[in-house]
Amino acid sequence: MDSAHSDRHPVPDGDDDPDTAVLALKILVAGGFGVGKTTLVGAVSEIRPLRTEERLTEAGREVDDLDGVERKTTTTVAMDFGRITIREGLSVYLFGTPGQDRFWFLWDELAQGALGAVVLADTRRLTDCFPAVDFFEHRGIPFVVAVNRFAGTREYGPEDVARALDLDPGTPVLLCDARRRASGKEVLINLVEHAGRVHAARLLADAQAVG
């Protein structure tokens, strides 16, 4: 798959295995403006995350919908980048996409070689994640929807969110707290497992078609 590659790292002298293979996966974190993408990448990343945030200006406020996120003062203008080790031998590189529609031209480039994506959702602004859902569905990129639970907001179950977004059957919907590393890591593990099932089913279908 384009979405994974193996790096070879030498191990100390005396180890029976001369090399250790490390599988690296690329995952996108997408969603609407102010939904918590930068927060999620920063919470789970083992390295200091790369961020391309700029302060919101008065001119930007005229085109950015701040309803529900009035306290937000910065915005991602290119991408966020981080890395996390899921388990020994499996690392994930995270690419957070910008949320505003004027930056969507970057999404095709960022999606190249991605194993899958996390679509973060805010139930106060659920329609904001429709573009991300459409983007990944149309390109056949496996994704999960992670509902970021903001304090003081009404709780909705995964089934309610799946129905409201008209998701394809089998698309996982999870509840999460983007500020908590354990919660974000659980979302990523669910995505890797879901993407693995999707890719395996496609390989099987291709093999049956050839046969």
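In short, a report on the structure. (Residues numbered from 1 in each chain as written. Predicted model: local features only at pLDDT ≥ 70, side-chain atom pairs only at ≥ 80, totals over all residues. Heavy atoms only, no water.)

1. Focus on the overall build of the protein
Logical step 1: Within the protein, the secondary structure is distributed over six helices and nine strands.
Logical step 2: Looking at the protein as a whole, 45% of its 211 residues are labelled buried.
Logical step 3: Taking the contacts inside the protein whose residues are at least 6 apart along the sequence as the reference set, 70% of them involve residues at least 24 apart.
Logical step 4: Counting only carbon and sulfur atoms, one obtains 50% of the accessible surface of the protein, whose full area is about 11,500 Å². (Helix = DSSP H or I, 4+ residues; strand = E, 2+ residues; numbered from the N terminus. Buried < 20%, exposed > 50% of the residue type's maximum accessible area, 1.4 Å probe, protein only. Contact = heavy atoms within 4.5 Å. Areas by Shrake-Rupley, 256 points an atom, 1.4 Å probe, with all protein chains shown as cover.)

2. Quick look at the packing of aromatic side chains
Logical step 1: Here the structure, examined in full by the defined rule, presents six aromatic pairs.
Logical step 2: Between Phe81 and Tyr93, the ring centres sit 6.0 Å apart and the planes meet at 15°, which makes this aromatic pair stacked. Of this pair, Phe81 sits in strand E5 (residues 80–87) while Tyr93 sits in strand E6 (residues 90–96), and the two are twelve residues apart along the sequence.
Logical step 3: Cluster of aromatic residues (ring-pair linked, three or more members): Trp107, Phe135, Phe136 and Phe143.
Logical step 4: Here the guanidinium or amino end of Lys26 rests over the ring plane of Phe95, the centre of that ring lying 4.9 Å away.
Logical step 5: One cation-aromatic arrangement involves Arg124 over Phe150; the distance from NZ or CZ to the ring centre is 4.5 Å. (Phe/Tyr/Trp six-rings, centres within 6.5 Å; stacked < 30°, edge-to-face > 60°. Lys NZ or Arg CZ within 6 Å of the ring centre and 35° of its normal.)

3. Remarks on the pairing of E6
Logical step 1: Within E6, six of the seven residues are buried, which leaves the element mostly enclosed by the surrounding structure.
Logical step 2: As defined by bridge partners, E5 adjoins E6 across seven bridges and the pair is classed as antiparallel. Paired with Arg87 across the bridge in E6 is Leu90.
Logical step 3: Hairpin remark: E5 followed by E6, antiparallel, with two residues in the connecting loop; positive phi at Gly89, about 90°. (Pairing = 2+ DSSP bridges.)

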